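Structural characterization, general
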Amino acid sequence: MKSQDIRSKFLSFFEDKKHSIVPSAPMVLKDDPTLMFVNSGMAPFKEYFLGNAQPKNSRITDTQKCLRVSGKHNDLEEVGYDTYHHTLFEMLGNWSFGDYFKEEAIAWAWELLTEVYGIDKDILYVTVFEGSNEDNLPMDTDAYDLWKQFISEDRILKGNKKDNFWEMGDQGPCGPCSEIHVDIRSAEEKAKISGKDLVNQDHPQVVEIWNLVFMQYNRKANGSLESLPDKHIDTGMGFERLCMVLQGVQSNYDTDVFTPIIREIETITDKKYGKEEKVDVAIRVIADHVRAVAFSIADGQLPSNTGAGYVIRRILRRAVRYGFTFLDKKEPFIYRLVDVLSEKMGSAFPEMKAQKQLVENVIKEEEQSFLRTLDQGLVLLNRIVEETKGDTVSGEKAFELYDTYGFPIDLTALILNEKSLKLDEKGFNEELQKQKNRSRAASEMSTDDWTVLEEDADEEFVGYDSLEANVKITRYRKVVSKKDGEMYQLVFNLTPFYPEGGGQVGDKGYLEDTHGDVVYILDTKKENNVIIHFSKNLPNHLNESFKAVVDEKQRYRTECNHTATHLLHQALREILGTHVEQKGSAVHSKGLRFDFSHFSKLTNEELQDVENFVNARISGKLPLVEKRNIPKEEAIAEGAMSLFGEKYGDTVRAIRFGKSIELCGGTHVKNTGDIWHFKIISEGAVAAGIRRIEAITNDAVKDFYSENNKVYFEMKELLNNAQEPVKALQNLQDENANLKKQIEVLLKEKAKNIKGELKNELQDINGIQFLAKKLDLDASGIKDVSFELGQNSDNLFLLFATENDGKALLSCYISKELVASKGLNAGQVVRELGKYIQGGGGGQPFFATAGGKNPAGIDEALEKAKNYIG
Ligand code: ATP
Ligand code: MG
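Below or above, wherever it landed, is the structure these notes cover.

Looking only at helices and strands, the protein chain has 25 helices and 37 strands in total. Taking 2.2 N^0.38 as the reference for a compact globule, 870 residues should give roughly 29 Å; the C-alpha atoms of the protein chain span a radius of gyration of 36 Å, well beyond that estimate. Along the first, second and third principal axes, the C-alpha set of the protein chain runs to 115 × 75 × 55 Å. Pairs at least 24 apart in sequence give 68% of the contacts found in the protein chain among residues at least 6 apart.

Here it is in structure tokens:
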């Protein structure tokens, strides 16, 4: 069965059982501070499990892109070495939110695997939770009894908390689970060891394919469990592993999900898969990593130096390094795999197909820059090797190379090995640990449980219509972090505060109670669909009602910038073309930033056109036409733009100003006329094929112009209030250039005169023509004079000094024959005499200079010069 059919069979099986099929959510999470990437199928549905929102259908099925490269679930180091763990993989899932529970989940899983896919039930094992004393939980006998109907009891295994109690993180929804394992070994091997003994033992052919999680608890901050109000089903089946079983192969990499990519790697690198283990590992690493990196970029996460972007950069670098070391690829090639990838996966994941070109460009540039880093690293490593005494390279040095230059440690070890040197691994690991401790300490954070004051499922947002509201606090908690110290998070029954999202900053403002006590709201964010207000203090009268007031000025300025962002987006697509796609934006009260795909720098004319386009729509006074809660299809049909990497619900909000229509949850001005004016202040590149425009609106433009005006008048005044200041400035510059030329000529003449004088001053000491003197010349003047004297006289020893701008310069010239006959060395002379002027320098034996910061020492240095010839 082809992988595409395997995927669609899964979805249609559950569709027949009344599940709605939903598309995969983007991999990069936006409103969950505990998780960087979606690491399991349940992550995008956390709000439903927590009861913060209600799904439209309580039964859902999907295939979700998951990335396990950081945090609690991190498989990165396994990838390539085994044949069934990936960084990015698809998790097929069926979901019940407070609807069916264990009985249906188990029966359907069995039906799908054995009847629809036709898997022989004699290769299957299942596990159930054995209970835990620590958590005071009994064995999951319900699951055991349900499984008994389908599978013989010797194939039902009991598992401990590690394998059979699923937790997403340290806190949050969790529950016992039942896993389904397959044993795809040969009959001979099965005869030797029973599959039963290999379940959950990391055997590559006895692997878990599906996990059915029975979500019924919530793990609290103090580690205790509480029952969830509703019971849920969360299942996850590894798509690539399922394909391995159904296609009768022994490795995920031998399924049609991976073979086209592997064939392409073979063609590009001229290596064969399946001949040599080292090469195979490298090929698997690359085939796996290109998927993770490409899908992240398509979901809007570019490689960068921090956070999620840094994780992506490291994955790509791991792939480059394996190619570099084991496949001899010293130039970019991974980007060339994107073509096959988009062809294979483009129909299930249209975002890949649509952004192929961008993904290729970004990967290529990353590859190039990392290959340069590797080159530089090799040079640095050679230097370290040269400086190493003995046979062991210090761990500290290797760490510096790794940390500051991004040079991979295993490559260091490999190269040292080739040179018969050792690496002090212990020292390296110590440095690494120190760094980890430092960053852990910096990001350490503790979150208390919520204190609930009032039950309220639905926290309504009223901030589109008003900036003030009477609110009650429904729950609060304390969070402590190194960065912000102690903070409180407050949730209201309704709120006018806009939570950070869609690029727009969260609102600030205050809460005031009836006693006149005020608590400031410093920021507002959305977490798992709950709007959270941040304050430094807790209000005194928590149970009373409050007047909640949004900072109007900040909100208004932010709105000007947000609406201008939409107009800018429209302008760019109109002027540059429809290949322009939004790749990120930041909208706040001071200005806006807009990143978009486009392949070349904007010309000045283009920038001017864009500015004019936006300003024409501002002076056109276009009213805001807002449609809340319309079906997504309707909005798209009207021409609304949706963005890759954004998660949209079934109903959306459409924002329209004239011909600009966007799906947007942000806040906007009522009329474009409110923006007053739009001004671009910079344009540049953020990555290959991605440009960034920064711009300002409204008061900020006034400030910008008035600041410029001030500078203009100051300049004009300095130019004696010339009628035409530009011309006056030009004249000054010309005059200045002329004067410079004249000075040069004069200095040359002066040097010539000086030469004559100096020649007369030469002293004959023991046959050496000696002179030590302070001159009023610059460095090059002194050099000229010295060499000209040298042409006319033999046996010269000259030491000249000069003082300029509080700095001293010594310059020594010694005729070559003296260097040879007397072993004199100008370099040594200036180095030694340099100490009098508190400086140093060097050069050649016949001419050398030293600079220093102590002109007062010049006389002494000149005096000491005689010692060299005495
Ligand atoms: P394993 O023990 O094999 O690492 P897991 O216990 O981490 O699996 P779950 O967290 O239960 O797996 O995930 C559900 C399913 O997703 C698994 O049954 C498996 O089929 C698949 N899966 C998990 N991790 C990976 C991975 N890194 N690559 C591919 N598939 C995976
Ligand atoms: Mg795992």
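Time to look at the sheet that holds strand E25 (residues 582-587). Spatially, E25-E26-E31-E30 is the arrangement adopted by the four strands of the open sheet, whose pairing is antiparallel. At either margin of the open sheet sits one strand with a lone partner, and together these are E25 and strand E30 (678-687). When strand polarity is set aside, the average angle formed by the axes of neighbouring strands in this sheet is 15°. As defined by bridge partners, E30 adjoins strand E31 (residues 690-697) across eight bridges and the pair is classed as antiparallel. Following the sheet pairing, Glu683 is matched in E31 by Ile693. Running over the sheet, helix H20 (residues 698-718) touches E30 and E31 and is turned about 85° from E31.

It is worth spelling out the packing of aromatic side chains at this point. In total, this model carries 32 aromatic pairs according to the counting rule given. With a centroid separation of 6.2 Å and 75° between ring planes, the pair formed by Trp110 and Trp147 is classed as edge-to-face. Highlighted residues: Trp110 in helix H3 (residues 102-116) and Trp147 in helix H4 (residues 141-148), separated in sequence by 37 residues. Side by side, Trp110 and Trp147 carry an identical accessibility label, which is buried.

Of the residues making up helix H24 (residues 826-833), those classed as buried are Ala826, Gly827, Val829, Val830 and Leu833. One face of H24 carries all of its buried residues, which in axial projection span an arc of 160°. Looking at the packing, one finds that the buried side of H24 touches strand E34 (796-804), strand E35 (807-814), strand E36 (839-843), strand E37 (847-852) and helix H25 (858-864).

Moving on: the site of ligand 1. As a matter of local geometry, ligand 1 sits amid 15 residues, with Asp75, His85, His86, Glu208 and Asn211 nearest to it. Here a nitrogen atom of ligand 1 and a side-chain polar atom of Asp75 are 2.6 Å apart. Within the contact set of ligand 1, an oxygen atom lies 3.3 Å away from a side-chain nitrogen or oxygen of Trp166. Compared with its free state, where it exposes 580 Å², ligand 1 has 87% of that area covered by protein. Elements that contribute at least two residues to the shell around ligand 1 include exactly strand E5 (88-97), strand E10 (206-219) and strand E11 (225-238). Tallied by class, the residues present in the shell around ligand 1 amount to six nonpolar, five polar and four charged.

Attention now moves to the pattern of salt bridges. Under the definition given, this model contains 52 salt bridges. The salt bridge partner of Lys220 is Glu226, with a shortest N-O separation of 3.9 Å. The class for Glu226 is partly exposed, based on a relative accessible area of 35%. Its salt-bridge partner being Arg653, residue Glu626 comes within 2.7 Å of it at the nearest N-O pair. Here the residue Glu626 occupies a position in strand E27 (residues 625-631), and Arg653 occupies one in strand E28 (residues 651-657), the gap between them amounting to 27 residues. A single salt-bridge network, built from bridges that share partners, covers Glu134, Asp135, Lys161, Glu167 and Arg219.

Side chains that are three or four residues apart share a direction in an α-helix, a result of its 3.6 residues per turn. With 15 residues, H3 ought to run about 21 Å at 1.5 Å a step, and its terminal C-alpha atoms sit 20 Å apart, in line with that. Among all positions of H3, only Lys102, Ala105, Ile106, Trp108, Ala109, Trp110, Leu112, Leu113 and Thr114 are buried.

Take the side chain of Asn671 next. Note on placement: Asn671 falls in the loop between strand E29 (660-663) and E30. Here Gly673 takes part through its backbone nitrogen, which lies 2.7 Å from a polar atom of the side chain of Asn671. Apart from the residues within four sequence positions on either side, Asn671 is in contact with Lys621, Leu622, Pro623 and Leu624.

About the thresholds
- Residues numbered from 1 in each chain as written.
- Chains lettered and ligands numbered in written order.
- Predicted model: local features only at pLDDT ≥ 70, side-chain atom pairs only at ≥ 80, totals over all residues.
- Heavy atoms only, no water.
- Helix = DSSP H or I, 4+ residues; strand = E, 2+ residues; numbered from the N terminus.
- Rg over C-alpha atoms; globule rule 2.2 N^0.38 Å.
- Contact = heavy atoms within 4.5 Å.
- Pairing = 2+ DSSP bridges.
- Axes fitted to C-alpha atoms, helices over the stretch in contact; angles between N-to-C directions.
- Phe/Tyr/Trp six-rings, centres within 6.5 Å; stacked < 30°, edge-to-face > 60°.
- Buried < 20%, exposed > 50% of the residue type's maximum accessible area, 1.4 Å probe, protein only.
- Arc of directions from axis to C-beta.
- Near = heavy atom within 4 Å.
- Polar contact = N/O pair within 3.5 Å; in protein donor to acceptor, adjacent residues only side chain to side chain.
- Areas by Shrake-Rupley, 256 points an atom, 1.4 Å probe, with all protein chains shown as cover.
- Nonpolar A, V, L, I, M, F, W, Y, C, P; charged D, E, K, R; others polar.
- Salt bridge = Lys/Arg side-chain N within 4 Å of Asp/Glu carboxyl O.
- Expected span 1.5 Å × (residues − 1).

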